[in-house]
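The residues making up each chain are set out below.
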Amino acid sequence: MVADADRSFTDETYSGDVEEPGSAEIYRPRFGRKRASDQAGSSAASALAWESLVPNVLKLTSLKQGWDGYNAPAIRWDAGLFALIVLQQTMRPDTPLPQVVPSSAGGIQLEWHERNIDLELHITGPYECEVWYEDHRDPDEPPISDEVTNDFSSIQECIDELTSRGARIANAV
Amino acid sequence: MPCKTDDGSIADDAGLLRRIHPSHVVDDHNFGERRASSAAFKDPKLSVDAEPILAEDGLDWSFTLEGYEGYSLARFLAGVAREKNLSVVHDPIRPDNRAHTLVVGKKTPAIAHHLRDRAEWVHLD
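Residues numbered from 1 in each chain as written. Chains lettered and ligands numbered in written order. Predicted model: local features only at pLDDT ≥ 70, side-chain atom pairs only at ≥ 80, totals over all residues.

**Let's talk about the overall build of chain A**
Piece 1. Assigned secondary structure in chain A consists of 6 helices and 5 strands.
Piece 2. Reading the helices (α) and strands (β) of chain A from amino to carboxyl end gives α-α-α-α-α-β-β-β-β-β-α.
Piece 3. Across chain A, the fraction of contacts at a sequence separation of at least 24, relative to all contacts at a separation of at least 6, is 56%. (Helix = DSSP H or I, 4+ residues; strand = E, 2+ residues; numbered from the N terminus. Contact = placed C-beta atoms within 7 Å.)

Below, the structure is given as structure tokens:
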């Protein structure tokens, strides 16, 4: 399941559509064909974390129109698929799991509210993702709101900060 | 179908009630509380009930939750929506719900958070 999902999401389905970013030194390739070192290393480990969310996401994509008690559209299955791709590409092995909720606009929202960070990814379809990031340790800084299509670098920065902050807390203890 | 607009018939200080689906009550570990997800406020035509109209009909917030076991209920003011240039449009559903109202406009993350942050729990299941 891990190997199949990894191959279908990254190496075949999307590899021809998206150019690799130019700054390979600081940017891990996403959507494009992976380097051998990536395939053997972090991807396999992080898959364990995001894979546990597959049932939650699939369950949401079965929701029909009106699921929210009003007139919300059905949750798009391709929004669910893209949410899983985003998770697979950005989560680290020690990244905390997000809460996965349907959105009243027909998408899926991934939310983290911990480690003094609010991070939300609102996904309404393939390459349609809104990012909301707020750091409560720095209340003078306004929240960051961004729209993401195929470049996940801003999401990766947020996930990395969330993940590393947990490690710093653990080290402090 | 006529285009309905914000005619100001619902005052800025009117409470607007929004049912919150159980999946939209999330754990906020930063503040140790359960709160509504901003995902509950994303609908471009967000359905709510206007409290003053419920009151005119001798009803209260419990009317909005009738038949919706397990749901919670949030309240924000019409003026809070208008602060973000959203339209508050009275849209009665006859004969069932004369208080039905739409908060119309694109809900960017900032706007959805604005509504969520300014909302209060009326009932948390």
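Once you've had a look at it, read on.
**Examining the sheet that holds strand β7 (residues 100-104) of chain B**
Residues and elements named next belong to chain B.
Piece 1. Pairing within the open sheet is antiparallel, and its 6 strands lie in the order β6-β7-β4-β1-β5-β8. The open sheet terminates on both sides in strands that have one partner only, identified here as β6 (87-90) and β8 (120-123). Averaged over neighbouring strand pairs, the angle between their axes works out to 40 degrees when direction is ignored.
Piece 2. Examined bridge by bridge, strand β1 (residues 15-20) and strand β5 (residues 72-77) share 6 bridges and lie antiparallel to one another. By the bridge assignment for β5, G15 is matched with L77. (Pairing = 2+ DSSP bridges. Axes fitted to C-alpha atoms, helices over the stretch in contact; angles between N-to-C directions.)

**Details of unusual backbone geometry**
Piece 1. Residue P95 of chain B is reached from R94 of chain B by a cis peptide bond, and omega for that bond is 0 degrees.
Piece 2. Positive phi values are uncommon outside glycine, yet N116 of chain A reaches one of about 65 degrees.
Piece 3. Tracing the backbone through its elements, the reader meets N116 of chain A in the loop between β2 (108-114) and β3 (117-125).
Piece 4. A count of 16 C-beta atoms within 10 Å places N116 of chain A in the partly exposed class. (Buried ≥ 20, exposed ≤ 12 C-beta atoms within 10 Å, placed from the backbone.)

**Quick look at the interface of chain B and chain A**
Piece 1. With 21 residues of chain B in contact, the opposing surface of chain A contributes 23 residues.
Piece 2. Counting only elements with at least two residues in the side of chain B that touches chain A, the list comes to β2 (25-28) and α4 (109-118) of chain B.
Piece 3. By residue class, the composition of the side of chain B that touches chain A is 7 nonpolar, 9 polar and 5 charged. (Nonpolar A, V, L, I, M, F, W, Y, C, P; charged D, E, K, R; others polar.)

**Some remarks on the nonpolar core**
Residue and element names in this part refer to chain A.
Piece 1. In this structure, A83, V86, I108 and I123 are the most contacted members of the largest nonpolar core, which totals 56 residues.
Piece 2. For this core, the element with the highest residue contribution is helix α5 (residues 77-90), accounting for 6 residues.
Piece 3. What A83 contacts, discounting residues up to four positions off in sequence, is V57, I108, L110 and I123. (Core = buried A, V, L, I, M, F, W, Y, C linked by C-beta atoms within 7 Å.)

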